[in-house]
Amino acid sequence: MRFCLLLLFFAASFSGFSQEIKKKYLGVYTGEIPSYALELGEEVFQVQSAPIELHLQPEGILAEKIAGKELKGSYQFTKEDKNGIYFEAKLDGQFIPENYVLYKKDKRLERKGIYPQPDVFLKKI
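Conventions we followed
Residues numbered from 1 in each chain as written. Predicted model: local features only at pLDDT ≥ 70, side-chain atom pairs only at ≥ 80, totals over all residues. Heavy atoms only, no water. Salt bridge = Lys/Arg side-chain N within 4 Å of Asp/Glu carboxyl O. Helix = DSSP H or I, 4+ residues; strand = E, 2+ residues; numbered from the N terminus. Buried < 20%, exposed > 50% of the residue type's maximum accessible area, 1.4 Å probe, protein only. Pairing = 2+ DSSP bridges. Axes fitted to C-alpha atoms, helices over the stretch in contact; angles between N-to-C directions. Contact = heavy atoms within 4.5 Å. Phe/Tyr/Trp six-rings, centres within 6.5 Å; stacked < 30°, edge-to-face > 60°. 1 Å grid on protein atoms, 1.4 Å probe; cavity = no way out; pocket = protein on both sides within 12 Å on 5 of 7 lines; lining within 4 Å. Points joined across faces, edges and corners; volume = space filled by probe spheres on them.

Novice: What is the right way to look at the pattern of salt bridges in this model?
Specialist: Oppositely charged side chains can pair when the atoms bearing their charge come close. Applying the stated criterion across every chain yields a total of five salt bridges. Taking the shortest distance from any N to any O, the salt bridge between Lys104 and Glu80 comes out at 3.0 Å. Placement of Lys104 in the loop between strand E8 (98-103) and strand E9 (108-112) and of Glu80 in strand E6 (residues 69-80) is noted, with a sequence separation of 24 residues between them. When its relative accessible area of 18% is taken as the criterion, Lys104 is described as buried. By relative accessible area, Glu80 is classed as partly exposed at 39%. Across the pair Arg111 and Glu98 runs a salt bridge whose closest N-O atoms are separated by 3.1 Å. With Arg111 in strand E9 and Glu98 in strand E8, this residue pair connects regions lying 13 residues apart in the sequence. Neither residue differs from the other here; Arg111 and Glu98 are each classed as buried. Residues joined by salt bridges that share partners form a network here, namely Glu64, Glu98 and Arg111.

This is how it looks when you write it as structure tokens:
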């Protein structure tokens, strides 16, 4: 009996991590990263604004295109509530994962910028 209960617990815990975004939220989201200042030592560089496009695909796959440079990777859920879906993306060639919030009501995606990049809101097209 204990073995069956333990097996059921592990099966339920693994199925919780295999969520997928509903089909109505998948697709292409676009926006623009605003310009910002990058301080390196005593020098300050001004980074120009850049267009950003994000393709959310089924089975945890995404593609991010910033100023013509495309990176692909995978995403996984971190949290979901009645207002939004929070997930983390690991892109190929990046060591720091990116965080996103998908607001269900607006079908709007917020990309949490990695410092010093500012946060940006993307609209579904």
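Novice: Sorry, what's going on with the sheet that holds strand E1 (residues 27-33) here?
Specialist: Strands in a sheet are paired, the pairing made by backbone hydrogen bonds, and the direction either parallel or antiparallel. Reading around the circumference, E1-E4-E5-E6-E7-E8-E9-E10 is the order of the eight strands in this closed barrel, with antiparallel pairing throughout. Averaged over neighbouring strand pairs, the angle between their axes works out to 30° when direction is ignored. Sheet topology note: the strand E4 (residues 50-57)/strand E5 (residues 61-66) ladder contains six bridges and is antiparallel. Note on E5: the bridge partner recorded for Gln57 is Ile61.

Novice: For this particular structure, what's the right way to read the environment of Lys24?
Specialist: Among the structural elements, Lys24 can be located in the loop between helix H1 (2-16) and E1. As for Lys24 and Lys107, which are separated by 83 residues in sequence, their C-alpha atoms are 8.8 Å apart. Apart from the residues within four sequence positions on either side, Lys24 is in contact with Lys107 and Lys124.

Novice: I tried to follow the packing of aromatic side chains on my own but got confused; where do I start?
Specialist: The relative placement of two aromatic rings is captured by the distance of their centres and the angle of their planes. Counted by the stated rule, this structure contains three aromatic pairs. Ring geometry for Phe87 and Tyr100: centres 5.4 Å apart, planes at 20°, overall stacked. Here the residue Phe87 occupies a position in strand E7 (residues 84-91), and Tyr100 occupies one in strand E8, the gap between them amounting to 13 residues. Each member of the pair, Phe87 together with Tyr100, is buried. Where Tyr103 meets Phe121, the ring centres are 6.4 Å apart and the plane angle is 35°; that geometry is what we call tilted. Taken together, the positions of Tyr103 in strand E8 and Phe121 in strand E10 (residues 120-124) put the pair 18 residues apart, joining distant regions of the chain. The exposure class of Phe121 is partly exposed, given its relative accessible area of 42%.

Novice: Would you mind going over the layout of surface pockets with me for this structure?
Specialist: Left-over empty space is what a probe sized like a water molecule reveals as it rolls over the atoms. As a volume, the largest pocket reaches approximately 220 Å³. Where the lining of the largest pocket is concerned, the elements lending two or more residues are E5 and E6.

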